[in-house]
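Coordinates in review
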Amino acid sequence: MDMKTLLADSIKKCVQGWDKSGIYAVSLFVYDNDDNPCEPTVTLGYNTNDCFRESVSYASDKQEAKWNYAFWLQNEEMLFGVDETQPVVREWLESRGFTYYSYDEMFDGGPDEASYEGITDEFVKVLVGIVKELHASGFIKEQFGQPVPFLIHELEYYEKIAEQNIEANGAELVKDFAEFCRSM
């Protein structure tokens with residue numbers, strides 16, 4: 001099974017088991033395991049209206065409390081790209097023409113940046129495709145009773161994060177999130 005299919009199936013299986021009451025957004029948090037760009041990962045989580053309301057007093061404003069992952073539940077419902085799924089990501093990476101470098105290889109005088117540059121962008125493209133398919137197939141609406149944004153993000157927010165989420169979810173569904181990203 002290819003990485004995209006396995007990842008999409010894992011996301012669906014996880015979401016199907018949730019108590020969805022109060023969930024207003026789902027998080028696909030992308031980062032590199034051990035800061036190694038050859039080991040992209042994604043953590044699936046969500047935030048609820050209750051958590052949002054509780055976080056408002058700690059944030060600079062309501063938008064930050066609602067959209068900044070730092071104020072979310074920090075629930076790791078699924079982690080993809082480590083343990084048994086790490087070889088799947090490595091195989092996908094190599095099938096895209098990238099060379100895999102271990103942590104030691106990467107940080108012990110390792111390769112030049114050109115050999116691994118673009119891995120995260122390619123990984124995010126897979127996630128964008130998955131989210132588009134989850135919306136188009138009706139899965140998200142079926143699970144939540146309405147369209148809910150599946151936000152693909154890092155710890156920082158900027159124009160590129162806004163654009164990838166508009167592509168994945170549609171402009172209207174992530175309008176407020178995109179504005180938040182652009183204001184950072």
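Remember, predicted model here, so these are calculated numbers, not experimental data.

Time to look at the packing of aromatic side chains. Tallying each qualifying case throughout the model produces 13 aromatic pairs. Aromatic side chains Trp-18 and Tyr-46 sit 4.6 Å apart centroid to centroid with 55 degrees between the ring planes, which places their arrangement in the tilted category. Residue Trp-18 is located in the loop between helix H1 (3–16) and strand E1 (23–32), and its partner Tyr-46 is located in strand E2 (residues 40–48); the two are separated by 28 residues in the primary sequence. For the pair formed by Trp-18 and Tyr-46, the shared burial category is buried. Ring centres of Trp-92 and Phe-123 lie 5.9 Å apart, and the angle between their planes is 70 degrees; this geometry places the pair in the edge-to-face category. Here Trp-92 is found in helix H4 (residues 86–95), whereas its partner Phe-123 is found in helix H6 (residues 119–136), with 31 residues between them in sequence. One exposure class covers both Trp-92 and Phe-123, and it is buried. Taken together through their ring pairs, the aromatic side chains of Tyr-24, Phe-29, Tyr-31, Phe-52, Trp-67, Tyr-69, Trp-72, Tyr-157, Phe-177 and Phe-180 make up a single cluster. When the ring centre of Tyr-24 is taken as origin, the NZ or CZ atom of Lys-66, which lies over that ring, is 5.4 Å away.

Here the focus is the pairing of E1. The element E1 is extensively covered by neighbouring structure, given that eight of its 10 residues are classed as buried. Summarising the sheet, E1 and E2 pair through nine bridges and their orientation is antiparallel. If you follow Ala-25 over to E2, its bridge partner there is Asn-47. In this structure, E1 lies alongside strand E4 (residues 150–153), joined through four bridges in parallel fashion. When the bridges of E4 are listed, Val-26 appears paired with Phe-150.

The subject of this paragraph is the sheet that holds E2. Taken together, four strands build an open sheet; the order of strands is E3-E2-E1-E4 and the sheet is mixed. Strands at the two margins of the open sheet, each flanked by one partner only, are strand E3 (78–80) and E4. Neighbouring strand axes in the sheet, compared pairwise and without regard to direction, differ in orientation by 20 degrees on average. In the packing of H1 onto the sheet, the strands contacted are E1, E2, E3 and E4, and the crossing angle to E3 comes to about 175 degrees.

For the rest of this paragraph, the subject is unusual backbone geometry. The backbone of Asp-34 shows a phi angle near 55 degrees, a positive value even though the residue is not glycine. Assignment of secondary structure puts Asp-34 in the loop between E1 and E2. By relative accessible area, which is 52% here, Asp-34 ends up exposed. The phi dihedral of Gln-74 is positive, around 65 degrees, even though this residue is not glycine. Structurally, the position occupied by Gln-74 is in the loop between helix H3 (62–67) and E3. On the accessibility criterion, Gln-74 (41% relative accessible area) is partly exposed.

Further remarks concern the pattern of salt bridges. Considering all chains together, one arrives at eight salt bridges under this definition. Across the pair Arg-53 and Asp-50 runs a salt bridge whose closest N-O atoms are separated by 2.5 Å. In this pair, Arg-53 and Asp-50 both sit in helix H2 (residues 49–55), three residues apart, roughly one turn of the helix. Residue Asp-50 is classed as partly exposed on the basis of its relative accessible area of 47%. Here Lys-125 makes a salt bridge to Glu-122, at a shortest N to O gap of 3.2 Å.

Here is the key point about a regular strand: its side chains alternate between the two faces of the sheet. The buried count for E2 comes to nine of nine residues, which makes it a mostly enclosed element. Burial along E2 is two-sided: the residues Pro-40, Val-42, Leu-44, Tyr-46 and Thr-48 and Thr-41, Thr-43, Gly-45 and Asn-47 are all buried. As paired strands, E2 and E3 are joined by three bridges and run antiparallel to one another. Within E3, the position partnered with Val-42 by the bridge is Phe-80.

Reading the values: rules and limits
- Residues numbered from 1 in each chain as written.
- Predicted model: local features only at pLDDT ≥ 70, side-chain atom pairs only at ≥ 80, totals over all residues.
- Heavy atoms only, no water.
- Phe/Tyr/Trp six-rings, centres within 6.5 Å; stacked < 30°, edge-to-face > 60°.
- Helix = DSSP H or I, 4+ residues; strand = E, 2+ residues; numbered from the N terminus.
- Buried < 20%, exposed > 50% of the residue type's maximum accessible area, 1.4 Å probe, protein only.
- Lys NZ or Arg CZ within 6 Å of the ring centre and 35° of its normal.
- Pairing = 2+ DSSP bridges.
- Axes fitted to C-alpha atoms, helices over the stretch in contact; angles between N-to-C directions.
- Contact = heavy atoms within 4.5 Å.
- Salt bridge = Lys/Arg side-chain N within 4 Å of Asp/Glu carboxyl O.

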